[in-house]
Amino acid sequence: MGADAIAISGVRKVYAASGKSPAKTALDGVDLTVPDGAIFGLLGPNGAGKSTLINILAGLVIKTAGRVQIWGFDQDVNPRQSRAAIGVMPQELNIDPFFTPAEALEVQAGLYGVPKSQRRTAEILDLIGLADKADAYARTLSGGMRRRLLLGKALVHAPQVLVLDEPTAGVDIELRQMLWANVRKLNEQGMTIILTTHYLEEAEEMCDEIAIIDHGRVVARDATTALLGRLDAKTLLIRTEAALGDLTLPEGVQCESRDDTLLALTYPRTRIKAGQVIAAVQDAGGVIADIGSEEPDLEDVFLSLTGGRG
């Protein structure tokens, strides 16, 4: 095993034409590595190719071209080992309603060939907070409990890589916090986590590195802090002691009045200095009472790289 838990090279997926639907290229030459031990975010608009890529990693979709290595195992050369190295928590609630959580975990472990002596059903149920529901039928569980059970099923074979596909979509705050506490614990134990989410603040808080995919291609990939630093825009928040009249600003500076005395002045920091913006306010007769700033967040980066598609 090298430094990368996942290594993807030149992966393409073209869905063949069907009926009146033309052929569709879902992935168009994806190159991507995920470092061992990272919490890695995979973001992109709807239809960008995220789900196709995840399903290829899980062995559920056959790629058209390219190479995928999971935990050092080539997916084409060692398919069983590569699939055993990864666990996927899907977005869909695909749970047999007539199994109890304990039975569901036991069946899933059996499908992966985990010997009974090595199964960790009780440990996993405790981890996901379902120990007291071990013998309840899955159909009686709440939506949040079913989502936790999906996480448990992804962990039965002790994978080195865990993929979480929109894990907190539609769940309450308490469950979200519990899920992230579990994810951090698994990561601290050495598990590599790949996360897809539409909650950009979640990715910003959780992920060490992020890749953004759009139209089947990776359009950005960097450490989360470096990705946020890509945006040139900076916003100064200037509060004056009284409302200003006419304000002449340097070209490229945008002004938003948030109340009578608070101005949000956004400017390209590579071309304009903060001092120029402050001087313009003072030249207009403004007596500055307070100055603050706003930094770009991940949503700004995401929208700038995907043309505003959410």
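Heads up: the structure comes first, above all this text.
Residues numbered from 1 in each chain as written. Predicted model: local features only at pLDDT ≥ 70, side-chain atom pairs only at ≥ 80, totals over all residues. Heavy atoms only, no water.

Okay, the pattern of salt bridges next. The final tally for this structure, using the stated rule, is twelve salt bridges. Where Arg119 meets Glu106, a salt bridge forms, and the shortest distance between an N and an O atom there is 2.9 Å. Here Glu106 lies in helix α3 (residues 101–111) and Arg119 lies in the loop between α3 and α4 (121–127), a separation of 13 residues in the sequence. For Glu106, a relative accessible area of 28% gives the class partly exposed. Where salt bridges share partners, they join Arg12, Asp28 and Arg217 into one cluster. (Salt bridge = Lys/Arg side-chain N within 4 Å of Asp/Glu carboxyl O. Helix = DSSP H or I, 4+ residues; strand = E, 2+ residues; numbered from the N terminus. Buried < 20%, exposed > 50% of the residue type's maximum accessible area, 1.4 Å probe, protein only.)

This part is about the sheet that holds strand β3 (residues 39–43). Think of a sheet as strands paired side by side through backbone hydrogen bonds, with each pair either parallel or antiparallel. Strand order across the open sheet formed by six strands is β6-β7-β8-β3-β9-β10, with mixed pairing between neighbours. The two strands at the open ends of the sheet, each matched to only one other strand, are β6 (86–89) and β10 (217–223). With direction set aside, neighbouring strand axes in the sheet form an average angle of 15 degrees. In this structure, β3 lies alongside strand β9 (residues 209–214), joined through four bridges in parallel fashion. Paired with Leu43 across the strands is Ile212, a residue of β9. (Pairing = 2+ DSSP bridges. Axes fitted to C-alpha atoms, helices over the stretch in contact; angles between N-to-C directions.)

Turning our attention to helix α9 (residues 274–283). When α9 is considered as a whole, its buried residues turn out to be Val277, Ala280 and Val281. Along α9, the residues classed as buried sweep out an arc of 100 degrees about the axis, all on the same side. Taken together, the buried residues of α9 touch β11 (233–240), β13 (262–268) and β14 (288–294). Of the residues trailing α9, Gly285 is marked for its positive phi of about 90 degrees. (Arc of directions from axis to C-beta. Contact = heavy atoms within 4.5 Å.)

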